[in-house]
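Each chain is listed here by its residues.
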Amino acid sequence: MRKPFSTSLMMTQPATTLEARALALLKRFYGYDSFLPMQLDVIKHIMNGNDCLVLMPTGGGKSMCYQMPALLGEGCAIVVSPLLALMADQVEALVGNGIPAAALNSDNSEAQNRDIVEQVYAGHIKLLYVSPERLMTDLDVWLNRIKVSLIAIDEAHCISQWGHDFRPEYAQLGVLKERFPAVPIVALTATADKITREDIVKQLHIDGARQFINSFDRPNIHLAVRSAVKGADKLREIARFIARHDGESGIIYCLRRKDTENMARNLQRMGITAKPFHAALPVAEKKLTQRQFINDEVQVVCATIAFGMGIDKSNVRWIIHSNMPKSMEGYYQEVGRAGRDGAPAEALMFYSFGDVSTLMSFAIDSGQRAVNEEKLRRMQQYAESTVCRRRVLLSYFNERYDKDCDYCDVCDNHPEQIDGTTLAQMALSAIARTGEKAGVTTIINILRASRNADIVSAGYDRLKTYGVGRALSHAAWNHYMLQMLQQGAFEMAYDRGNVLLLTDYGRDLLQGRATISFTEFQYRDKAPDKSKVAKQRAFNLANERDEELFKELKALRLELARQLGKPAYTIFSDKVLMVMATEKPVTRPAFATMYGVGEAKTQQFWHPFTQAIARFLNEH
Ligand code: ADP
Ligand code: ZN
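Cut-offs applied
- Residues numbered from 1 in each chain as written.
- Chains lettered and ligands numbered in written order.
- Predicted model: local features only at pLDDT ≥ 70, side-chain atom pairs only at ≥ 80, totals over all residues.
- Heavy atoms only, no water.
- Helix = DSSP H or I, 4+ residues; strand = E, 2+ residues; numbered from the N terminus.
- Rg over C-alpha atoms; globule rule 2.2 N^0.38 Å.
- Buried < 20%, exposed > 50% of the residue type's maximum accessible area, 1.4 Å probe, protein only.
- Contact = heavy atoms within 4.5 Å.
- Lys, Arg positive; Asp, Glu negative; His and termini not counted.
- Charge placed at Lys NZ, Arg CZ, Asp CG, Glu CD.
- Near = heavy atom within 4 Å.
- Polar contact = N/O pair within 3.5 Å; in protein donor to acceptor, adjacent residues only side chain to side chain.
- Areas by Shrake-Rupley, 256 points an atom, 1.4 Å probe, with all protein chains shown as cover.
- Pairing = 2+ DSSP bridges.
- Axes fitted to C-alpha atoms, helices over the stretch in contact; angles between N-to-C directions.
- Donors = N, O, S within 2.8 Å, 3.2 Å for Na, K, Ca; no water.
- Tetrahedral: all angles 85-135°; square planar, octahedral: opposite > 155°, others 65-115°.
- Phe/Tyr/Trp six-rings, centres within 6.5 Å; stacked < 30°, edge-to-face > 60°.
- Lys NZ or Arg CZ within 6 Å of the ring centre and 35° of its normal.

Asks: What am I meant to see in the overall build of the protein chain here?
Replies: Helices and strands together make up the secondary structure of the protein chain, namely 27 helices and 17 strands. By the compact-globule yardstick of 25 Å for 620 residues, the protein chain fits well, its C-alpha radius of gyration being 27 Å. For the protein chain, the spread of C-alpha atoms along the three principal axes comes to 95 × 65 × 45 Å. The burial tally for the protein chain puts 55% of its 620 residues in the buried class. Of the contacts made within the protein chain by residues no fewer than 6 positions apart, 72% connect residues no fewer than 24 positions apart. Here the protein chain contributes 76 positively and 71 negatively charged side chains, and the mean placements of these two sets differ by 2 Å.

Okay, here's the thing in structure tokens:
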């Protein structure tokens, strides 16, 4: 019989403070030297027996907030989680770090589940993951037999009707407080506005629970938007972007199912391993794609919003929105799937007239037109922003952020503002002269003197404005026209084939009674300066030699992962490998004290990694 798991190593010295014990366990099991913002406050709060609600962005380090109290406390922590895949990932990560954890779920046989429960009774398990249904059925049996150290409710927004992921099974969790009045309950989520937050507290009967709300900023993610790039040009830019991210995992979000398939096919033709993912695909195929992505066998997934929910993959290095998403909430949630390990990551969004009109028709059909139109407008404002994008984003989420981030395309380039009045007058005049019967492509074709059959047959080639804008490219006109739309110089008649209509402001512009400014159209595709993240996060690869070692370590990680049948990032995160490539430990003690390397990982991996580093140093 095994002895019950104990962390009493530290507890034999009663004089040590909670903080000192927590730090020692953090180093021993996770290899980290300090807590992330807010983690220690939450841990202390729970250890004092209090309930709380923890709101942190993805990658903010929520799990530690309950895992550490589970390690510090007596008994077993119960963790409620909505998705089997998430539970499996978490348990895998914990066990990999030498922490006894298990999940009760319907994928296990009854015998396996019974065995797990026995181990919990015997005190061998520190964290037990369960689905809400399971917890409710087993509650009465367990109640008297195990010492529950705390109850953590992950993805807690699922309990609220106001949240976007309401799950009826979560509604029953309200009884927990009554059944376990003395056990601290901690609810955790990455998405909850104020109403949802209050609702979570109410539904869980943890009135008065303290709310820990962390900044939603994700400083390691570079933000960028490309307007008015379409078709083959867009594909070329995407290919170039992916080439810059050689072998690095990424997700491309598309609006429609068929777009995901086209995109994947186009990328495959360029030799990139890409797969589509959307709700209509067979379940087996979706599972396979997900697994291949997690295991770094497929580099790119082209997905509708249905992808990413149950994925904990920490080394997603980039996100592309091939089309503008319909709301800032959705956009930020998807962007947040990149860079969970804190290493530099990139988010690029494309947006065009086509997106605006498609999203507008979605909004009109949604039955909640006013709300969705407003969300779309805010999204457009973000896309057209002339100030730091992070400012716009965080202010949307009611967060104060009163500096420029220095890590978005606007901060990188500070786009030049130009007086656009004359250009606007050309376009508005064309709109007026077509009798407000033409869409944006036709207007641009008129301005650029196209000999297109539609133009000629409608007689538009005889208009006074025909050809006045030929000095500018089609893409440039698109870029300026998008800004005119966003600033209200004209409207699109979404219910009448997207023809352009003059507004009062547009008429004023046309008559010379008003002015308008644009951000200049300029082409750019360059890698963000990752050293800027280094300043904030205190690490980065300093030179090409380190980059090369990093690549070799990644290859070694993948090889080991395949041998072990686990996803690569569960061995070490990209961030840990970067630190390794920088510090180049070649002895066991040097390896053991490194960032992100605890006792269990040292034991298991010091040999192959230090050998690889030694070999590299010999050769270079
Ligand atoms: P969330 O659940 O909030 O998305 P996670 O709990 O998955 O975030 O943590 C995100 C990443 O941060 C993980 O790779 C985790 O190992 C790491 N992490 C957590 N706490 C710390 C810490 N104190 N120091 C360094 N890294 C940490
Ligand atoms: Zn910025």
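Asks: Could you clarify how one ought to interpret the site of ligand 1 in this entry?
Replies: Taken together, the neighbourhood of ligand 1 is formed by 15 residues, with Tyr32, Gly59, Lys62, Ser63 and Arg340 sitting nearest. Between glycine 60 and ligand 1, the recorded distance is 3.4 Å, taken from a backbone N or O atom to an oxygen atom. Protein contact buries 83% of the 560 Å² of open area that ligand 1 shows by itself. With three residues, the single largest contributor to the shell around ligand 1 is helix 3 (residues 62–72).

Asks: Please clarify how the sheet that holds strand 7 (residues 210–213) should be interpreted in this entry.
Replies: Through backbone hydrogen bonds, the strands of a sheet pair up, either in parallel or in antiparallel fashion. Strand order in this open sheet of seven strands is 3-4-2-5-6-1-7, and the pairing throughout is parallel. Across the chains shown, the open sheet's two edge strands, defined by having one partner strand only, are strand 3 (101–104) and strand 7. Shown here is a sheet whose adjacent strand axes are inclined to one another by a mean of 20 degrees, direction ignored. In terms of strand pairing, strand 2 (residues 76–80) meets strand 5 (residues 148–153) through five bridges, oriented parallel. Its bridge partner being in strand 5, cysteine 76 is matched across the sheet by valine 148. Packed on one face of the sheet, helix 5 (residues 110–121) meets strand 2, strand 3 and strand 4 (127–130) and runs near 135 degrees to strand 3.

Asks: Please clarify how the coordination of the zinc ion (ligand 2) should be interpreted in this entry.
Replies: Ideal donor angles around a metal are set by the shape: a four-donor tetrahedron calls for 109.5 degrees, a six-donor octahedron for 90 or 180 degrees. Only Cys388 (SG), Cys405 (SG), Cys408 (SG) and Cys411 (SG) from the protein coordinate the zinc ion (ligand 2), and they sit 2.3 to 2.4 Å from it. Here the zinc ion (ligand 2) binds four donor atoms, and the angle range of 102 to 120 degrees at the metal identifies the geometry as tetrahedral.

Asks: Looking at this structure, how should I read the side chain of serine 385?
Replies: Turning to its location among the elements, serine 385 is positioned in the loop between helix 15 (369–383) and helix 16 (389–396). A distance of 2.6 Å separates a polar atom in the side chain of serine 385 from the backbone oxygen of valine 387. Among all residues touching serine 385, those that are not within four sequence positions of it are Val392 and Val410.

Asks: Looking at this structure, how should I read the packing of aromatic side chains?
Replies: Per the counting criterion, the structure on display carries 12 aromatic pairs. Both rings, one in phenylalanine 572 and one in phenylalanine 609, keep their centres 5.4 Å apart while their planes meet at 75 degrees; by these two values the pair is edge-to-face. Placement of phenylalanine 572 in the loop between helix 24 (544–564) and helix 25 (574–583) and of phenylalanine 609 in helix 27 (residues 599–619) is noted, with a sequence separation of 37 residues between them. Each member of the aromatic cluster is reached from another via a ring pair, and the members are Phe572, Phe591, Phe605 and Phe609. The lysine or arginine in question, arginine 145, covers the ring of tyrosine 121, its NZ or CZ lying 3.8 Å from the ring centre.

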